[in-house]
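Each chain is listed here by its residues.
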Amino acid sequence: MRKDQTINGFLRQGGFCLMLIVGLIVIYGQTGWAYNGPQDNKEIPEFTREGEKIVATLIPRAKSTRVRITFGISGGQLTSMTTRPFAEVDRPEVDEKDFKSGLYVISLDNLPVEGKASITLSSDFFSSSTEFWIFNPDREVAWTKADIRNEDRGDLMRDLILTVEDGGPLDADNIADGHITLVGGPKDSFWGYALGTLFIRFFGIFLVLSILMIGMLCSGTIFGKLEKWEAQKRGRPESGSEPTSSPSKPASSPDGGKSNGRGRPVDDESVAAAAAALHMFLSPVREPVLMALKTPGATGWVQHGRQKAMSALTSRNR
């Protein structure tokens, strides 16, 4: 008993350790897939102009397909856009993994001195929690969270709208000259995305397996009914079924004697007569049993007895 309990305990511990190892592998795979590192983020955005707007096409981190980010301006003119390596603006208050779509240098012209411009970023890559952070090395805190409006346009498209003032705290050149240089990019929580993806995939596996199990149970029930129907149609019992009928007991006659199954009493003389008839009928079938008699060899006493017998028989015949 103790041996069985010990084996069961080891099996439980082994199963728990196996599940823990699989979970760690899955978490590592998910986080490694979500963040490829700066050395693997080689995709450089391609900028194209569409009228007064500029479109950046790129493959962001944690994604395998291209996305489009459209930059529009209101209150000025969008003259140019470039990207900036994160290593040049790296600070302790931010993490590169959160800037999955990179950093941009946005140049605006034809603004009134100390005027304001509204910049709109549109993409289906943004979520309701996406933020926009601005970098200005001349400020006490280089990185600042911009005050933006995150609006839903439908069809998975969202707009990030921020207002920048010429010479204000978000203007990287810090001069009110009718020109604004903005350095920053969309920011999403890396761990929120990684854990959300892990949660969806982890429980998605159990959901798929549950649906598969339900389908197998339903199919097993259907096939079992079909087999039962076929068995009833052929008039034979189902395979593996046990007979439900119990052996019949001899019926009793009203006077306490035995019955022959038809309600008629059977007496002892009828039983004896039937047994004798069966014995006489089956006796000729039996093979005869030959008894082997062994006689000893002739001796003097045997010879003397034979002579006496023969003499008595001869005298009697006379």
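Look up: the structure comes first, before these words.
Here is what the cut-offs are and how they apply
- Throughout, residues of each chain are indexed from 1 in the direction in which the sequence is written.
- Totals for whole chains, interfaces and linings use every residue, but because this is a predicted model, local features are given only for residues with pLDDT of at least 70 and side-chain atom pairs only at 80 or more, for both listing and counting.
- Each side-chain value is worked out from all heavy atoms of the structure, with water and hydrogens disregarded.
- Only DSSP runs of H or I covering at least 4 residues are called helices, and only runs of E covering at least 2 are called strands; the numbering of each starts at the N terminus.
- To sort residues, take the accessible area from a 1.4 Å probe on protein chains only and compare it with the maximum for the residue type: under 20% means buried, over 50% means exposed, and anything in between is partly exposed.
- We call two residues contacting when some pair of their heavy atoms lies within 4.5 Å.
- Residue exposure ignores everything except the shown protein chains as possible cover, and the areas themselves are Shrake-Rupley values with a 1.4 Å probe.
- A patch consists of residues exposed above 30% relative accessible area that lack any salt bridge, with like charges linked at up to 9 Å and nonpolar side chains (Val, Leu, Ile, Met, Phe, Trp, Tyr) linked at up to 5 Å.
- Salt bridges are defined as contacts in which a side-chain nitrogen from Lys or Arg sits within 4 Å of a carboxyl oxygen from Asp or Glu.
- In this count, Lys and Arg are taken as positive residues and Asp and Glu as negative ones, while His and the chain termini are left out.
- Throughout this description, the term nonpolar core refers to a set of buried Ala, Val, Leu, Ile, Met, Phe, Trp, Tyr and Cys residues connected via side-chain atoms within 4.5 Å.
- A pair of strands counts as paired when DSSP detects no fewer than two bridges linking them.
- An axis is simply a line fitted to the C-alpha atoms; with a helix, the fit covers only the stretch in contact. Between two such axes, the angle follows the N-to-C directions and lies from 0 to 180 degrees.

As a further point, take the overall build of the chain. Of the regular secondary structure elements, the chain holds four helices and eleven strands. Residues classed as buried in the chain amount to 26% of the 318 residues present. Within the chain, contacts between residues at least 6 apart in sequence are counted, and of these 61% link residues at least 24 apart. Total accessible area on the chain stands at roughly 23200 Å², and carbon and sulfur atoms take up 59% of it.

Before going further, it helps to examine a nonpolar patch on the surface. Among the surface-exposed residues, F202, F203, I205, F206, L209, L212 and M216 lie close enough to one another that they form a single nonpolar patch of about 750 Å² accessible area. Its place among the elements puts L212 in helix 2 (residues 190–234). Of the residues examined, L212 reaches a relative accessible area of 52% and is grouped as exposed.

A separate point is the side chain of K100. In this structure, K100 sits in the loop between strand 4 (77–83) and strand 5 (104–109). Of the side chains with opposite charge, D188 comes closest to the buried, unpaired K100, at an N-O distance of 4.2 Å. Every residue in contact with K100, bar those within four places of it in the chain, is listed here: P60, R61, A62, F125, D188 and S189.

Here we come to the nonpolar core. F71, L108, L121, L162 and L182 are the most contacted members of the largest nonpolar core, which has 28 residues in total. Counting residues per element, the ones that place at least two in this core are strand 2 (53–58), strand 3 (67–74), strand 4, strand 5, strand 6 (116–123), strand 7 (131–135), strand 10 (157–165) and strand 11 (180–187). Top contributing element to this core by residue count: strand 3, with four residues. Among residues more than four places away in sequence, those in contact with F71 are K53, I54, A56, L78, M81, Y104, I106, T120 and L121. F86, L103, V105 and W143 belong to the second-largest nonpolar core, a separate cluster that totals eleven residues.

To continue, consider the sheet that holds strand 4. Strand order in the open sheet formed by five strands is 4-5-11-7-8, and the pairing between neighbours is antiparallel. Of all strands in the sheet, those bounded by a partner on one side alone are strand 4 and strand 8 (143–145). In this sheet, neighbouring strand axes are inclined to one another by 30 degrees on average, regardless of whether the strands run parallel or antiparallel. Two elements, strand 4 and strand 5, share six bridges in a ladder whose sense is antiparallel. Paired with T83 across the two strands is Y104, which belongs to strand 5.

Taken in spatial order, the six strands make up an open sheet running 1-2-3-6-10-9, and their pairing is antiparallel. In this open sheet, the two edge strands, each paired with only one partner strand, are strand 1 (46–50) and strand 9 (148–154). Each strand of the sheet is rotated relative to its neighbour by a mean of 25 degrees, with strand direction disregarded. As defined by bridge partners, strand 9 adjoins strand 10 across six bridges and the pair is classed as antiparallel. When the sheet's bridge partners are listed, R149 is paired in strand 10 with I161.

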